Amino acid sequence: MVIPKKPIIELFAFMFSNNIILKDDLSSSTYSWGTNSFWATPKSFYAPGSYHTTTGWVIDAGYGNDLIDASSSTEKNVLSGGNGVDTILGGSSVDRIDGGEGNDILIGNGGADIFVLSKGKDVIKDFSPTTKIVNSVVIDFEGIASGEGTQILDGYKGLEWGVDAYAVDIQNYPGSGYTTVASGQSVGLDWFARGTDFYDPVNDFDFASGDFASAWRNQTNTIFAYDDGVKVGTLTFVSDPTQKLSVDFLAGTIKDQANNVIPGTFTGRFTSIDKVAIDSFDGIHVAMDNLVLNYMLITGNGDKIDVADGFNVAAYIATATNDGNGNAVLTNGNNSLTLVGVAASDISTEWFV
């Protein structure tokens, strides 16, 4: 790759410790260095075209302890820290990230990134050899309710439903919690007021969020999460027919329509599960709407580690150990590479190019 010629004033600056902030909007991309009152103030690039190509940024920060932050960029960037203790953050696309000599912190962010193996004790904080794509399924119960109530049949939204799972048209129940929780014309409920459930027999999902209300009066509800028949998570809270409660199962929060935090007791997890059961202990129907399930679609096209030609990858992988904190550490002489959140036993030759 041909590195574009750079203005001499920026070449001089890039010989020191830099803070380089890169965005798709070139005019808001800046650099600064040192503690001098003039140079420490972030400045737009003197000639952005000299560092920016048709595909993205090409940056070599040179000597010094540098920060290169391209986390707001959606382009394909080539980011090099040079000699020093550097922190480099890629953007949402496919980046090439090279810490250079020194003990560097590297973060790819989105996209299938390429990390260059270099001298020093480097840490990759988000190495992922696979690409995960979130496919969200929204259960809004629209289009299935007729009359006073309609049973939800297996196959709706790809799920199996409990015999108590029904949908109702809210126009038949004015002044109820069904109307409170509804975002459209229909909502779900447990028809016999004894709870209900739904189950995916094929794929695990994350129960991301949902809106709930009691149909007629305040009641205590518990929502259970199961994985392969084992209960792995619970939420207990009090629902109200006059308040739509929005539950974020991933963040562990409940909020009312005024965005006030509502008490609730979360335990365990609602991620990577296959069944949700919703119980009512007070004999009152549970009204629900906009249940969001996140499915993770995994492809093999993820991050890679670029090594020199002739490098003995198999011998390198054989050095991998776990550091006791859930991270894998590979060593090559005095140099090391830590992959945060990766198990040493999972490292594969396919991760290297």
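As a reminder, the structure under discussion sits directly above these lines.
Keep in mind that this is a model prediction, so the values were computed, not measured.

Caption draft 1: Broad picture of the sheet that holds strand β17 (residues 196-199). Strand order across the open sheet formed by 6 strands is β14-β17-β24-β19-β20-β23, with antiparallel pairing between neighbours. Each edge of the sheet is formed by a strand with only one pairing partner; in this case those strands are β14 (160-161) and β23 (265-268). In the sheet, β17 pairs with strand β24 (residues 275-280) via 4 bridges, with the strands oriented antiparallel. Across the sheet, T196 pairs through a bridge with I278, a residue of β24.

Caption draft 2: Broad picture of the sheet that holds strand β8 (residues 96-98). Pairing is parallel across the open sheet formed by 5 strands, whose spatial order is β4-β6-β8-β10-β26. Lying at the two open borders of the sheet, with one neighbouring strand each, are β4 (58-60) and β26 (304-306). Taking each pair of neighbouring strands and ignoring which way they run, the sheet shows an average axis angle of 15 degrees. With 3 bridges joining them, β8 and strand β10 (residues 114-116) adopt parallel strand pairing. Paired with I97 across the strands is F115, a residue of β10.

Caption draft 3: Looking closely at unusual backbone geometry. The phi torsion at N109 lies on the positive side, around 60 degrees, for a residue other than glycine. Locating N109 in the fold gives a position in the loop between β9 (105-107) and β10. Although it is not a glycine, N259 adopts a positive phi angle of roughly 70 degrees. Along the chain, the position of N259 falls in the loop between β22 (253-255) and β23.

Caption draft 4: Main features of the packing of aromatic side chains. Going through the model one piece at a time under the given rule, you end up with 21 aromatic pairs. Measuring from ring centre to ring centre gives 6.5 Å for F224 and Y226, while their planes differ by 45 degrees; the resulting arrangement is tilted. One aromatic cluster in this structure is built from F141, Y156, W161, F198, F205, F207, F212, F237, F249, F270 and Y295. Sitting over the face of the ring of Y226, K275 holds its NZ or CZ atom 5.5 Å from the ring centroid.

Calculation notes
Residues numbered from 1 in each chain as written. Predicted model: local features only at pLDDT ≥ 70, side-chain atom pairs only at ≥ 80, totals over all residues. Heavy atoms only, no water. Pairing = 2+ DSSP bridges. Helix = DSSP H or I, 4+ residues; strand = E, 2+ residues; numbered from the N terminus. Axes fitted to C-alpha atoms, helices over the stretch in contact; angles between N-to-C directions. Phe/Tyr/Trp six-rings, centres within 6.5 Å; stacked < 30°, edge-to-face > 60°. Lys NZ or Arg CZ within 6 Å of the ring centre and 35° of its normal.

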